[in-house]
Structures are given as C-alpha cells and as structure tokens.
Amino acid sequence: MAEIGFELRGPGTPVGTLLLELWRARDVLWALARKDFYARYRRTMLGLLWAVGLPLVQAVVLAVVFTHIVRFASALRHSPQGEHVKYAVFLYAAIAAWSYFSTTMPTAATAIVDNGALARKIYFPRAIFPLLGVASGIYPLAISAGILLLLTVALQHSVSIDFLWVVPGCALTVAITAGFGLMLSALHVYFRDVRFIVQAVMSVLFYLSPIIYAVESAPGALRHVVGATPMAGPIELMRLAIGGADSNWPAIVAGGVGWFVATTAIGLWLQSRHDRVFVDLM
Amino acid sequence: MSVISLSGVGKRYVKYDDRPLLVNHLKFWHRTSRSDLWALRNVEFDIEPGESVGILGRNGAGKSTLLQLLAGVTAPTEGVVRVRGRVAPLLSVGVGFHPELTGRENVYVNGTVLGLEKGTIDRRFDAIVEFAELEKFIDTPVKFYSSGMFVRLGFAVAVEADPDILLVDEVLAVGDFAFQMRSFERMKEIRANGATLVTVSHNLNAIRGYCDRTVVLHEGGTAFDGPTFEGISRYYQLMGQAESDDPVEAQAQVREDREALELLAFDLVDEDGQPLGHVRTGDKAALRIEARARRDIPTPFVSLMISTEKRIVIYNDTNCETPFPPIRAGERVAMQVRLPLHLVTGGYFASATVNDGTLTDHVLIARTEPVSFYVTGRGLVSGVVDLGGEFSLGPVD
C-alpha cells in the first residue's frame, strides 16, 4: 500500500512533494471542476445549451456585423492570406482564446482566498483552487473552438488540415492561464491588491493584445509590445488554424511558451513555499 | 507505530497591526508594527492506532490550531508533525457541498475531496444514504435540505469514508437523538476497526463518552496528557472554578495545614474497590480517599461534595459530628464514603476535603482534586435525582 499521510516540518513544501500531492489530488480537481461547470447551468431552462448558446450568439453577431454592416478589411491588409480571411473569423479566433483567459484568469487569481472556507477545513494542495477554474473553463473553450470551425466553414467556405492548430492554440491558452493562476493566486493571499491590479491590467491587455487587429497592423515599436503580450502566442496559433496568422508567428508563439514557463515556474515556487500556510492569512 | 506524532511543535502567527497601505511602505522611517503570537509551543505527544483522544482547553488555548495541524491544513513553525494514514476531518461537515447540486452529486464530490475513488463511492453509496436516512431526498438539490439533513449527509460521507484518523470538532451534537445514538455506534465500530479518533470539544459529556485519553492544552502548551477523567478535572482547575459552596470549608477558610496529610489517591470505586468512571443509576459506589498522615490527627473527618457538570451542588455531607478515630503519624489509611448514586444521566463531579477538629473549630488538612464520573440513567428520567418512582394503576377502594 502506498504510504498515505504527511510529515510537516516548517512552512515550506518541497516542489517535488507538491507536484506529487497535486498528482494525487487530480481526482479532486476534476470532481470539483465538473461540479462548478454543472452547477453553473443548474436551474436554467436551457441548461447546458447556454454553454453552446452564448459563444454562438457572439459568433453570429460578429459575422453579421462584419460582413453586412461594417466592411472592415484594413486590419487584415498586411496579412499574407488576408484576401481569404474574413474579419469575423479572424476576430472570433482571437476571442475564443481571449474570453477563456479573461474570464478564467481573474477567478483563478483570487481562488485561494475565495475558497478559504474549504481550505481551512481540509487539505489538498492549494494550487488546486486556481487550477479549478482553469479546468472547468476547458469545456466552454472546446465549445468555442467548435463554433470557430462552424464559422470558418460558413464564412470562408473552406477549411484545411491547418485547423488542427486550434489544439495547440487551446492548450497554450490553458497553460498560460494556469501559470498566471498559480502565480497570482499565491501573491493574492499576501497582497489583496492583486484582484484589482488584474482587473485593471485585463482592460488594458484587451487592446494591447492582437485581438481586434493583427500584430502587423500595429505601428513600429508597438508591434513588438503587441507580439510579446501573454495571449499573443495562443492567438496566433488560433489564427494559424483559420489561415490568418502573422508572418512572425513562430517568434510570437515562442514568447507565449516563455510566458507559460516563467509564470508556472514562479507560481510553483510560490505555491511550494506557502502551500500549507496560506490558511494563516485567511 | 504511532499514527500521529508531534514533537516540539510550535505554531507562530504574525499579526500586523497597521494597514498594508503602500504609503506606509514608502516611508522609510516607518516601521510596520507586527507582533508574534505563539498559538502552540513545545507540544509533544504520540497517538497510537485505535486510540481515542480528546483535546480540551479554554478558548485560545490552541485547540483549533492543533486540529488544523492534524488535518494538515497548516504547517508548524517549528517542530515536526507526522500523520500516517488518511485523515477525515469532521469539521463543519458538508463544507464544499454545492447547494444547487443534488445529494447524490454532492456525495460524489465530497467523497472525492475526502480521498475516495469513484469505485469506492459507488460501493458505499447505499450505505451512506441509508445512514443519513435520505433515501427519499437523495436526488433533491441540497439547498432544499433542512440543516439537520445537510449535516447528516456530510457526517455520513465522512464516517463511511473509512478514514484511518477521524478528527471531530463539536459535531457530535448533530441530528436528533436517534441519529446521535447511531453516530455514536458507528464511531465505536470505526474505532473497533482500528481507526483513531481525535475529538475537540467543549462538551465534556462527549469527551467522556468517546475518549479514553485527554490532552489538556493551556496557553499553547500541554498542561495534561492522560486518562480522561483526570484530564477533565485538570481542565476545570484551569477554568479557575474553585469549590466554595461547601459549608464545612466555609468555616475553615482561615486555618489550613496542608502538611499534615499526604493524599495518595482519590477515586470513585465500586463495591470491590475497583475505580469507576461510568455508573448506572442506583449503583452502590464509594468515594475512597487514601492518605498517609505526617503528624497525629486526633479528630479527622471528611467533607464531601457532589455537583453536576454545570457546577450545581446537589449533595454536601460531612461526618464532622461523628469523626473517624485518630490517625497516627506515618499511618496509611483509606477513608470511604459509601453512597448509592440515585442520579440521572449526565456528568458529575465529586470532591472532598479532609479536616481535623469540629465544625466550628477545625483545620483543613487536604483537599482532593475533583473526580468526574458519568451516570447512565433509566430511560426517560430527567431532572437531577432519580427518586425511583413506581407507577401503578388499580381500582378505587
């Protein structure tokens, strides 16, 4: 029988032990994530249809507005395949990734404090809390990816094997969000300002990320800033899927992987140092 | 090998007294005032598999911190906490229940959080529902549950999780009487299967009923670790409740000579002289004081007091009018007060003093620590004393 139990000496938990505990708690993660997801749609008449309905409405609105009302091709002028890529599809590819990030990350960042009641009663690695939202958000993200496929077929009338790029695109989106969640949720226990900093930064980041425009349409030096924002990498992967990626996409994606590695490393370090003592400050 | 082992455990909390505003940090001359608070210090004990240990202490003595350490929720500042086996905390059961989800769904979520695999929950599911008596409501969202149903379900999941270590926190008073009895039985079964029970409670009846051993915490340290009945006496001592309702003692407040007698033992014993912790209404018992005289004691007498757990004195007695024969210096004697305990269900304390002289002119030479005992009464009798009523019906003459 595997040895169950623990030995606590001093506040820190070695990173290895933390990772082992996290692995052991994987069932807890999925159970709680499923609970969150299902509980959200309970007592609604349309139930799970909302999970598909909301992003669908968003996609239809984008399609109608940008094919019939606003003719807005200038954003794509510099894109090599710009001719074939419809703006609504181009936009939705980014929005699928961004809306996951912008709804999940702020929740993840405050997750440890917000789950204080549970955290005070029973132990499992506190990193589970930020990862919870990250995991339960995967369902709607997958649905958005499906809708992106529908939208691509509907508006661009063709879809290639390239569409499979959405898989690494979604994976990197989730990974970066998880990294930020691990890092910020630990910081938030000590600095409650994090909640508001995140809110402020998110609104700036929406315009600084290449969501409503292409990286190449940003002027001069700003282009490097836009390409280096955390979500630029996943967004470019999503756009690769619909044939509208930036010519410089490998570097941008590498930047995204960099964000993931850096935030996860800092996050795990913080979590391992404070895992069992977060409770003292809640 | 111990299931729980604490060595040199200390837990320090840092309290920041001012607000963490940025301006305060920017002022280089500003010193943030922080103060340290040791909730626990140098706590050492081991708990063996199958033991049932009660933790007592006044508010702020460190009980909650200790429980959090045992649950692994927080880590010690110094020392080592070792726990072997799966811990199920019965701390505010049902935390993590989602009100919108049904009882069934919550059982699965809660069971997983307690470390059970899905297959195990499948197998135990019926037992859980049966124990909680929620067969009819298991597919109802728990927000429609009464608080009793909610707690019963949480409790059922925790006890059916077959934990190696069960941490209990003031939870034993949940549900109605029938449910409490079944919980009590279930916990006995769990213990019989070799699980360890740690109970933190202010409810001395619970501690007395469940625990063989008690650790009394005082100001962050271990003030006592030993048999429960002694632990409870120690706890009362720390609560600072001295006996003073005794008329005999009231007469002798000025004159004391604690050197005259060495107390060796004070026990409630049965007719064979065996110590009693648990009595049935009407049992013949005796309070027995064993002592050695250090000087001659010409007119020794005993004054005895029995009180309820709420410190209501129900019996005071003394033999000062017919004192014992003289005790010689160096002699070892056993003084006994035999009495039938016509008491109702509940916890009681007995304490005694040994005196020398007459009621109006005596020296108090020894005072025992209070000894506690628990009485199991007849059926529905309540009140303080069981007068043994006989019920009858007959024709009118």
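Residues numbered from 1 in each chain as written. Chains lettered and ligands numbered in written order. Predicted model: local features only at pLDDT ≥ 70, side-chain atom pairs only at ≥ 80, totals over all residues. Heavy atoms only, no water.

1. A word on the overall build of chain B
For step 1, the next point in the chain: Check the secondary structure of chain B and you find 9 helices and 18 strands.
For step 2, the next point in the chain: When the 397 residues of chain B are sorted by exposure, 48% land in the buried category.
For step 3, the next point in the chain: When contacts within chain B are restricted to residue pairs at least 6 apart in sequence, long-range pairs at least 24 apart make up 74% of them. (Helix = DSSP H or I, 4+ residues; strand = E, 2+ residues; numbered from the N terminus. Buried < 20%, exposed > 50% of the residue type's maximum accessible area, 1.4 Å probe, protein only. Contact = heavy atoms within 4.5 Å.)

2. Some points on the confidence of the model for chain B
For step 1, the next point in the chain: For chain B, per-residue confidence averages 82 on the pLDDT scale, and 87% of positions sit at 70 or higher.
For step 2, the next point in the chain: Interface predicted TM-score (ipTM) for the complex: 0.77; the corresponding pTM is 0.72. (pLDDT = per-residue confidence, 0-100.)

3. Here's the deal with the pairing of strand β8 (residues 213-218) of chain B
Residues and elements named next belong to chain B.
For step 1, the next point in the chain: In terms of burial, β8 is a largely internal element, 5 of the 6 residues being buried.
For step 2, the next point in the chain: Pairing of strand β3 (residues 52-57) with β8 involves 5 bridges; the strand directions are parallel. Bridge pairing in β8 places G57 opposite L217.
For step 3, the next point in the chain: Judged from the 6 bridges that link them, β8 and strand β9 (residues 221-227) form a sheet pairing that is antiparallel. Note on β9: the bridge partner recorded for T214 is G226.
For step 4, the next point in the chain: Joining the antiparallel neighbours β8 and β9 is a turn of 2 residues, in which E219 adopts a positive phi near 50 degrees. (Pairing = 2+ DSSP bridges.)

4. Here's the deal with the sheet that holds strand β12 (residues 284-293) of chain B
All names here are of chain B.
For step 1, the next point in the chain: Spatially, the 3 strands line up as an open sheet ordered β10-β12-β15, and their pairing is antiparallel. For this open sheet the edge positions go to β10 (261-269) and β15 (332-340), each flanked by a neighbour on one side alone. Along the sheet, successive strands turn relative to each other by an average axial angle of 15 degrees, direction set aside.
For step 2, the next point in the chain: Bridge analysis of β10 against β12 gives 8 bridges, and the strand direction is antiparallel. Bridge assignment links L263 to a residue of β12, and that residue is A291. (Axes fitted to C-alpha atoms, helices over the stretch in contact; angles between N-to-C directions.)

5. A word on helix α3 (residues 103-113) of chain B
Residues and elements named next belong to chain B.
For step 1, the next point in the chain: Along α3, 8 of the 11 residues are buried, which leaves the element largely enclosed by surrounding structure.
For step 2, the next point in the chain: Looking at α3, one finds that the buried residues are G103, N106, V107, V109, N110, G111, T112 and V113.
For step 3, the next point in the chain: In the stretch just after α3, G115 is the one whose phi turns positive, near 95 degrees.

6. Here we look at the packing of helix α7 (residues 128-136) of chain A against helix α9 (residues 166-190) of chain A
Residues and elements named next belong to chain A.
For step 1, the next point in the chain: As a packed pair, α7 and α9 sit with axes 9 Å apart at the nearest point and diverge in direction by 155 degrees. Between α7 and α9, the angle is such that the two are roughly antiparallel. Here α7 runs over α9; the crossing is right-handed. Contacts between α7 and α9 pair P130, L131 and V134 from the former with V174, T177, A178, G181, L182 and S185 from the latter.
For step 2, the next point in the chain: Among the residues forming the contact of α7 with α9, the class breakdown is 6 nonpolar, 3 polar and no charged. (Parallel < 35°, antiparallel > 145°, perpendicular 65-115°, else oblique. Left-handed = near helix turned anticlockwise from the far one by under 90°. Nonpolar A, V, L, I, M, F, W, Y, C, P; charged D, E, K, R; others polar.)

7. A word on the pattern of salt bridges
All names here are of chain B.
For step 1, the next point in the chain: Considering all chains together, one arrives at 21 salt bridges over all chains under this definition.
For step 2, the next point in the chain: The salt bridge involving E100 is made with K143; its shortest N-O contact spans 3.2 Å. Pair noted here: E100 is in the loop between β5 (87-91) and α3 and K143 is in the loop between α4 (118-132) and α5 (147-160), with a separation of 43 residues, a long-range link.
For step 3, the next point in the chain: We note a salt bridge from D122 to K118, for which the minimum N-O separation is 3.4 Å. (Salt bridge = Lys/Arg side-chain N within 4 Å of Asp/Glu carboxyl O.)

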